[in-house]
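Okay, here's what each chain looks like letter by letter:
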Amino acid sequence: MSSHADGEGFENVRKLINGICERMNISETCRLRLIGCERELTVRFPVKLDNGHVGVFTGYRVMHNDTRGPAKGGIRYHPDVNLDEVRALAALMTLKTAVVNVPYGGAKGAVICNPKELSLAELERLTRRYAAEIAVLIGPNLDIPAPDVGTNPQVMAWIMDTYSQMRGYSPGVITGKPLEVGGSKGRFEATGRGCMITALLAAKHVGVNADGSTVAVQGFGNVGATVARLLAKEGCLITAVSDSRGGVYNPNGLDLEALVAHKTETGSVVGVKNAEPVTNAELLELPCDVLIPSALEHQIVEANAASIKARIVVEGANGPTTPEADQILYANGVFVVPDVLANAGGVIVSYLEWVQNLQVFCWDESQVNGYLHSMMTNAFAEVLELSALEKAEMRTAAYMTALRRLATAMTARGIFP
Ligand code: NAD
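My aim in this report is to walk through the structure given alongside it, one point at a time. Note that the structure is a prediction, hence the values are computed from the model and not measured.

Glancing now at the pairing of strand β1 (residues 39-48). As judged from the ten bridges shared by β1 and strand β2 (residues 54-65), these two strands associate in the antiparallel manner. Of the residues in β2, the one forming a bridge with T42 is Y60. Counting the residues between successive antiparallel strands, the hairpin from β1 to β2 contains five residues, one of them, G52, with a positive phi of roughly 95°.

Right, dumping it as structure tokens:
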């Protein structure tokens, strides 16, 4: 399975948008605006490395659409990332912000690099230079980045600092910051918490008792490790987890605390005690009630979709299931909570962080988690209801919800002559 888009990522999203626009009779103008990106910036910039040499890096910032508000989307640091993938992820953000009804558009950014091979000082120099390069596009009312694969709160703080040096103190330019510089309580675990909320709602809908149910999680990063920990607290048995080096499996449930300690010590979940090794591909096909792909895109594909044994798939990652695989899962009665809904907890709490920054105010964690819970629950109920009404799977219903909001907003704003 390819872990990165190879030219088909954005095409897949475009196909889905085209299909829904046709089904819903959405205007041609609206459709044409959504199947392309509004602005795309490619930057190439030098970074001084610790050995005295200068590396030249490539980065992107793509704004897909800003009809419903400033564009919003994470920044990915990954060696295989490419412009097509960034476009696809930016478009997914436009849909995601519309599904959960936060007043944002969609964007995404990336730098082609392996952050694991950079020292902290190199990472800071790379981040500050990238931030200066994309400063022409970002801003609290324009485009507001956030963390994604390979970036973290520290990276967000450097971007906020670099932008603030150029434009004055601007915590609202970026979300996912550390608490000390305007971050929100609850943001770090928001995406995983949102996945947990939708997994429990899906289990209830499908008739799976969460207590004692079995869960396999691919990817043990911010999203994967958080959702695993929170679902274990709800009584679920986390039977398998993995990261880029491989996975571990115990049908009686893994010890989450031991896993986190092992990962902190060795950098991977591989080799933890009381578990047998599995590959990332094998993990997807294990018997379990809930499968949560939380690593990269294109993991559930035509070749393995029929072997998925889970009754529920909760897409923690963006784009883990290809359209062909989606059809197979639907035909086999697997209930899929699509990425634009399942992992929207991150952008919801990013929105709450931004609101606090603009108000120069700080909410307590229970208030943040309360908003997150009610916004996720409302969005899930709305999409589920439409999926029953339209006899469509959850992804189609989520896209329909999003495209209806986008089309209405575009019509209301009109076209500048
Ligand atoms: P992360 O960098 O914290 O973790 C990624 C995890 O995936 C790591 O455990 C890594 O080892 C593993 N991984 C990397 N390559 C892999 C491979 N080829 N096979 C298996 N595992 C692999 O990233 P994250 O923030 O947890 O993001 C994970 C996914 O969730 C991404 O698709 C991201 O776009 C999506 N997402 C993240 C957020 C967020 O707030 N962090 C929000 C929405 C969606």
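Scanning the model with the defined rule gives seven aromatic pairs in all. On the numbers, 6.4 Å between centres and 40° between planes, the contact of Y351 with W354 is tilted. A residue pair is termed a helical-turn pair when its members lie 3 or 4 positions apart in one helix, as Y351 and W354 do in helix α13 (residues 345-359) at three residues. One aromatic cluster is present, formed by F45, F57 and Y130 through successive ring pairs.

Glancing now at the environment of M196. Looking at where M196 falls in the secondary structure, it is placed in helix α6 (residues 190-206). By relative accessible area, M196 is classed as buried at 8%. Sequence separation between M196 and G316 is 120 residues, and the spatial gap between their C-alpha atoms is 9.5 Å. Residues contacting M196, with those up to four places away along its chain left out, are V227, L230, L231 and E234.

A separate point is the site of the ligand. Near the ligand, the surroundings consist of 23 residues, among which D148, T191, N222, V223 and N318 are the closest. Between the ligand and T191 there is a distance of 2.6 Å, counted from an oxygen atom to a side-chain nitrogen or oxygen. Calculation on the ligand without its partners gives an accessible area of 830 Å², and the protein chains cover 85% of this total. For the shell around the ligand, the class distribution of residues is six nonpolar, twelve polar and five charged.

Taken in spatial order, the five strands of this open sheet run β1-β2-β4-β3-β5, and their pairing is mixed. Two strands bound the open sheet, and with one partner strand each, they are β1 and β5 (143-147). Across the sheet, the mean angle from the axis of one strand to that of its neighbour is 20°, orientation sign disregarded. Across the sheet, helix α4 (residues 120-134) touches β1, β2, β3 (71-78) and β4 (106-112), and the angle it forms with β1 is around 145°.

About the thresholds
Residues numbered from 1 in each chain as written. Predicted model: local features only at pLDDT ≥ 70, side-chain atom pairs only at ≥ 80, totals over all residues. Heavy atoms only, no water. Pairing = 2+ DSSP bridges. Helix = DSSP H or I, 4+ residues; strand = E, 2+ residues; numbered from the N terminus. Phe/Tyr/Trp six-rings, centres within 6.5 Å; stacked < 30°, edge-to-face > 60°. Buried < 20%, exposed > 50% of the residue type's maximum accessible area, 1.4 Å probe, protein only. Contact = heavy atoms within 4.5 Å. Near = heavy atom within 4 Å. Polar contact = N/O pair within 3.5 Å; in protein donor to acceptor, adjacent residues only side chain to side chain. Areas by Shrake-Rupley, 256 points an atom, 1.4 Å probe, with all protein chains shown as cover. Nonpolar A, V, L, I, M, F, W, Y, C, P; charged D, E, K, R; others polar. Axes fitted to C-alpha atoms, helices over the stretch in contact; angles between N-to-C directions.

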